[in-house]
Amino acid sequence: MLKYYDKNTVIFHNGEFVKAEEAKADLFSQSLHYGNGVFDAVRAYDTALGPHIFKAKEHYTRFLEAAKTMHLDLPYSVDELVGITYQLLEENGFTDAYVRPLVYASANMDLTPTKTHNLFIAAWRWDKFLGKDLLDITISKYTRPSPYSFNVEAKISGHYINSIVSIAEAKDRGFDDALLLDVEGYVAEGTGANFFFEKGGKLYTSQKGHIYPGITRNVVFGIAKSLGVEVVEGQFKPEDLKDIDGAFFTGTAAQITGISSIDRQPMKKNWEDTIGCEVFEKYRQFVTQSEYDNYSII
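All of these numbers come straight from a predicted model, not from anything done at the bench. (Residues numbered from 1 in each chain as written. Predicted model: local features only at pLDDT ≥ 70, side-chain atom pairs only at ≥ 80, totals over all residues. Heavy atoms only, no water.)

Caption draft 1: Expanded view of the domain arrangement of the chain. Looking at the assigned domains, one finds that the chain contains domain 1 (10–125) and domain 2 (135–287). Just the C-alpha atoms count here: the centres of domain 1 and domain 2 sit 26 Å apart. The interface is formed by 20 residues belonging to domain 1 together with 18 residues belonging to domain 2. When the two sides are added together, the surface that domain 1 and domain 2 hide from each other amounts to roughly 1,600 Å², 65% of it contributed by carbon and sulfur. (Domains from an automatic or database assignment. Contact = heavy atoms within 4.5 Å. Buried area = accessible area lost by both parts, 1.4 Å probe.)

This is the structure in structure tokens:
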């Protein structure tokens, strides 16, 4: 089991750098009881120029905008959050790390927005969220939450109950992860990552609306363009996933993770022969070279 911190780990909590084991949160926090919190996923990579936080401004712009949608405004600018995160890496001696910023509500047992909010930022070494090089996945019996219920394009803590039950059900049936459909029956995304599949020399991915539009997803568009590969956004039924050449998940935590089978149906190509593998290799080069951070993406 991953140990996220030890006695020397430093976090940023409400304006101060403190030891993780000494930090305290209120057990009556509205976030704990009702899931009203917003987080983001950020990665720092070791480069020739030192630690580089990949797409830092894009991540923290998204984070602050999502917090506003949940009435959890923070008195920090994007640049301030980026600066805090670099200092946090230095405090912990990290050059390569996963970073988790979280805004959570103060004590409140009713459903009205709180007036004060809390900011927590932690960093730890986390190679890959999904672990394995290639995954055997299944189409989940659970669906992605409806965008008509709340903002599915924000990383709201309570949303991830959907992911927890989906991946647990998949693992109980012997799979590594799950692929969720949207409420209309179209392919949406994984439990914590966007989904791409390959067929006939093209990449396909779900259109925005029912998915979380990840930053890594956007980067894949840019890499594909550099490779001369067309990416088609659209609505795809589960039957469209039959006889595909390859598939992969994308995300800050997952990075680029190849898929070997969907409901025991293997891909037509070996992973090493797919466009996804080419994208994976380009991505690895990309994230460790800080001068590429302005890579052209759609």
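Additional details are given in the paragraphs that follow.
Caption draft 2: Here's a closer look at empty space enclosed by the protein. Per the counting criterion, the structure on display carries two cavities of 30 Å³ or more. Space inside the largest cavity adds up to approximately 60 Å³. Taken together, Asp 182, Tyr 186, Val 187, Ala 188, Ser 206, Gln 207, Lys 208, Gly 209, His 210, Ile 211, Gly 234 and Gln 235 form the lining of the largest cavity. Residues belonging to the lining of the largest cavity are distributed by class as follows: four nonpolar, six polar and two charged. Taken together, Arg 43, Tyr 45, Phe 54, His 59, Thr 216, Thr 252 and Tyr 283 make up the lining of the second largest cavity. Across the lining of the second largest cavity, the residue classes break down as three nonpolar, three polar and one charged. (1 Å grid on protein atoms, 1.4 Å probe; cavity = no way out; pocket = protein on both sides within 12 Å on 5 of 7 lines; lining within 4 Å. Points joined across faces, edges and corners; volume = space filled by probe spheres on them. Nonpolar A, V, L, I, M, F, W, Y, C, P; charged D, E, K, R; others polar.)

Caption draft 3: Molecular detail of helix 2 (residues 56–69). Between its terminal C-alpha atoms helix 2 stretches 20 Å, which fits the 20 Å expected from 14 residues at 1.5 Å a residue. One or two steps after helix 2, the chain reaches His 71, where phi turns positive at roughly 60°. (Helix = DSSP H or I, 4+ residues; strand = E, 2+ residues; numbered from the N terminus. Expected span 1.5 Å × (residues − 1).)

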